[in-house]
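# Notes for the structure review
Spelled out from the first residue to the last, the chains are:
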Amino acid sequence: MYISAEKLRAADGLKLDILAGLGRPVAPGSTVLDFGCGAGQALRDLQSRGFDAYGFDIQEKWEPDTDASDLIEAGII
């Protein structure tokens, strides 16, 4: 299954909006752990927004056009 980067960004923004609405805002600079991060597209987006984002996933292989090797080598996934 492929999810576009635009949809991931929208979903991440929605999650951040929901947390803020619940009185638990997450500010840039916060450390975030994404369980089920897949190949790390959301991690890349969160990092670009200023979050210290890390991920965990049990899957070892992703779609052929998806490369998470840089995130794995950096210890982010």
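Report follows, based on the coordinates.

Criteria and thresholds
Residues numbered from 1 in each chain as written. Predicted model: local features only at pLDDT ≥ 70, side-chain atom pairs only at ≥ 80, totals over all residues. Heavy atoms only, no water. Patch = residues over 30% accessible without salt bridge, like charges linked within 9 Å, V, L, I, M, F, W, Y side chains within 5 Å. Areas by Shrake-Rupley, 256 points an atom, 1.4 Å probe, with all protein chains shown as cover. Salt bridge = Lys/Arg side-chain N within 4 Å of Asp/Glu carboxyl O. Helix = DSSP H or I, 4+ residues; strand = E, 2+ residues; numbered from the N terminus. Phe/Tyr/Trp six-rings, centres within 6.5 Å; stacked < 30°, edge-to-face > 60°. Buried < 20%, exposed > 50% of the residue type's maximum accessible area, 1.4 Å probe, protein only. Contact = heavy atoms within 4.5 Å.

## Some points on a nonpolar patch on the surface
A cluster of nonpolar side chains, namely Leu33, Phe35, Tyr54, Phe56 and Ile58, defines an oily patch on the protein surface of about 590 Å² accessible area. Taken together, the elements giving at least two residues each to the nonpolar patch come down to strand 1 (31-35) and strand 2 (52-56).

## Overview of the packing of aromatic side chains
Under the criterion given, the structure shown has one aromatic pair. Taken together, a centroid distance of 6.0 Å and an interplanar angle of 65° make the contact between Phe35 and Phe56 edge-to-face. On the criterion of sequence distance, the pair formed by Phe35 in strand 1 and Phe56 in strand 2 is long-range, its members being 21 residues apart. The exposure class of Phe56 is partly exposed, given its relative accessible area of 44%.

## Side note on the environment of Gly29
Within the secondary structure, Gly29 sits in the loop between helix 1 (5-21) and strand 1. Under the relative-accessibility criterion, Gly29 is labelled exposed at 52%. Not counting residues up to four positions away in its chain, the partners in contact with Gly29 are Gly50, Phe51 and Asp52.

## Some remarks on the pattern of salt bridges
Summed over all chains, the structure comprises two salt bridges. In this structure, the salt-bridge partner of Arg44 is Asp70, at a minimum N-O distance of 2.8 Å. Note that Arg44 is positioned in helix 2 (residues 41-48) and Asp70 in helix 3 (residues 69-73), a separation of 26 residues in sequence. The partly exposed category is assigned to Asp70, whose relative accessible area is 39%. The shortest N-O distance in the salt bridge between Arg49 and Asp45 comes to 3.0 Å.

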